[in-house]
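This is what each chain is made of:
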Amino acid sequence: LDFDDEDGVTFTSPLVPGQMAYIDVSVTNSTFAPALNGFLDAWIDFDHNGVFDLSDQIFLGVPVFDGPNPIPPFLVPIDAVSGDTYARFRLSSQGGLDSTGGYPGAGPSAPLPDGEVEDYLVEITSLDFGDAPDSYGTTGPSSAYHMIITDDQSVPELCLGVAVDSDVDGQPSP
C-alpha cells in the first residue's frame, strides 16, 4: 500500500513555548478483543537536535482505546526551539516503548508484536517578548509575549510597524 497513514494524531492547538498543547488521538482496534487496550508513547524533538531524547518525551504508556481518545495536555518547554521539528507517536499493546523501536533494554531491533509508529512534521511557534528590561515583565511565565510566526513564516496580520522579531529571552539582541 502506498498512502500517507499518518492520520491517528491531530494537533488541536499550536506548540507555544511555556504553554499547554492539546492533541486528539484516534485508535483502531481490529483485534476483535474490545478489552485489549493500547498504550501511547510520544516524543517531540523540542531542541531540534535530530534525536528523540528522554527530555523530549511527552507521553509514557498513556492508555488508549478503540475510537477517539481524551489525551491529557502536555507542557511545551519554555526553552523549546522555534521552527519545524518532528513528533513521534508509538502505539502498542504493552506501552513503555523507546523512540527507536523496542522496549527499554531490548534494543532497537527487538521485534514488536503489534502497534504502529507515526511521525509528524510540527512547528514550534516563535515568541515576541518585547525588549524592555525584565523588571517590566518582559520574561517569564507572566510576561507580555505574543506568538508571531505564521505557517508561511510571514509577518502577522496585525503588528506595530512593518516588521516583527522573535526573541528567545525578551532581551534586546546585540
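Before going into details, it helps to say that this report is about the structure given with it.

Scoring rules and cut-offs
- Residues numbered from 1 in each chain as written.
- Predicted model: local features only at pLDDT ≥ 70, side-chain atom pairs only at ≥ 80, totals over all residues.
- Heavy atoms only, no water.
- Helix = DSSP H or I, 4+ residues; strand = E, 2+ residues; numbered from the N terminus.
- Buried < 20%, exposed > 50% of the residue type's maximum accessible area, 1.4 Å probe, protein only.
- Contact = heavy atoms within 4.5 Å.
- Areas by Shrake-Rupley, 256 points an atom, 1.4 Å probe, with all protein chains shown as cover.
- Lys, Arg positive; Asp, Glu negative; His and termini not counted.
- Salt bridge = Lys/Arg side-chain N within 4 Å of Asp/Glu carboxyl O.
- Polar contact = N/O pair within 3.5 Å; in protein donor to acceptor, adjacent residues only side chain to side chain.
- Pairing = 2+ DSSP bridges.
- Axes fitted to C-alpha atoms, helices over the stretch in contact; angles between N-to-C directions.
- Phe/Tyr/Trp six-rings, centres within 6.5 Å; stacked < 30°, edge-to-face > 60°.
- Patch = residues over 30% accessible without salt bridge, like charges linked within 9 Å, V, L, I, M, F, W, Y side chains within 5 Å.

### Details of the overall build of the protein
Thought 1: Scanning the protein from N- to C-terminus turns up zero helices and eleven strands.
Thought 2: Walking the protein from its N terminus toward its C terminus, one meets helices and strands in the order β-β-β-β-β-β-β-β-β-β-β.
Thought 3: A buried classification covers 36% of the 174 residues belonging to the protein.
Thought 4: A separation of at least 24 residues holds for 63% of the contacts in the protein among residues at least 6 apart in sequence.
Thought 5: Carbon and sulfur atoms make up 58% of the accessible area of the protein, which amounts to about 10,500 Å² in all.

### Focus: unusual backbone geometry
Thought 1: Residue His48 is not a glycine yet carries a positive backbone phi of 55°.
Thought 2: With respect to the helices, strands and loops of the structure, His48 is situated in the loop between strand S4 (38–44) and strand S5 (57–64).

### Remarks on the side chain of Glu118
Thought 1: Inspection of the secondary structure puts Glu118 in strand S9 (residues 116–124).
Thought 2: No salt bridge is formed by the buried Glu118; the nearest opposite charge belongs to Arg88, separated by 11 Å.
Thought 3: Within polar-contact distance, the side chain of Glu118 engages the backbone nitrogen of Asp7 at 3.3 Å.
Thought 4: A polar contact of 3.1 Å, which involves the side chain of Glu118, links it to the backbone nitrogen of Gly8.
Thought 5: Glu118 has contacts with Asp5, Glu6, Asp7, Gly8, Val9, Ala87, Arg88 and Phe89, leaving out every residue within four places of it along the chain.

### As for the sheet that holds S9
Thought 1: Strands sit in the order S5-S4-S8-S9 across an open sheet of four strands; the sheet is antiparallel. The open sheet terminates on both sides in strands that have one partner only, identified here as S5 and S9. For this sheet, the mean angle separating the axes of adjacent strands, direction not counted, is 20°.
Thought 2: Bridge analysis of S4 against S5 gives five bridges, and the strand direction is antiparallel.

### Some remarks on the packing of aromatic side chains
Thought 1: Under the counting rule described, the total for this entry stands at four aromatic pairs.
Thought 2: With a centroid separation of 5.8 Å and 85° between ring planes, the pair formed by Phe89 and Tyr120 is classed as edge-to-face. Of this pair, Phe89 sits in strand S8 (residues 83–92) while Tyr120 sits in strand S9, and the two are 31 residues apart along the sequence. Exposure class is identical for Phe89 and Tyr120. Each is buried.
Thought 3: One aromatic cluster is present, formed by Phe11, Phe89 and Tyr120 through successive ring pairs.

### Comments concerning a nonpolar patch on the surface
Thought 1: Taken together, the side chains of Met20, Tyr22 and Leu75 make up a nonpolar region of the molecular surface, amounting to roughly 300 Å² of accessible area.
Thought 2: Looking at where Leu75 falls in the secondary structure, it is placed in strand S7 (residues 74–75).

### Description of the sheet that holds strand S1 (residues 9–11)
Thought 1: Judged by pairing direction, the sheet is antiparallel, and its three strands sit side by side in the order S1-S3-S6 without closing on themselves. Looking at which strands have only one partner, the edges of the open sheet turn out to be S1 and strand S6 (67–70). Strand-to-strand twist of the sheet, defined as the mean angle between neighbouring strand axes without regard to direction, takes the value 25°.
Thought 2: Both strand S3 (residues 23–27) and S6 contribute to a ladder of four bridges, which runs antiparallel. Along S6, the bridge assignment pairs Val27 with Gly67.

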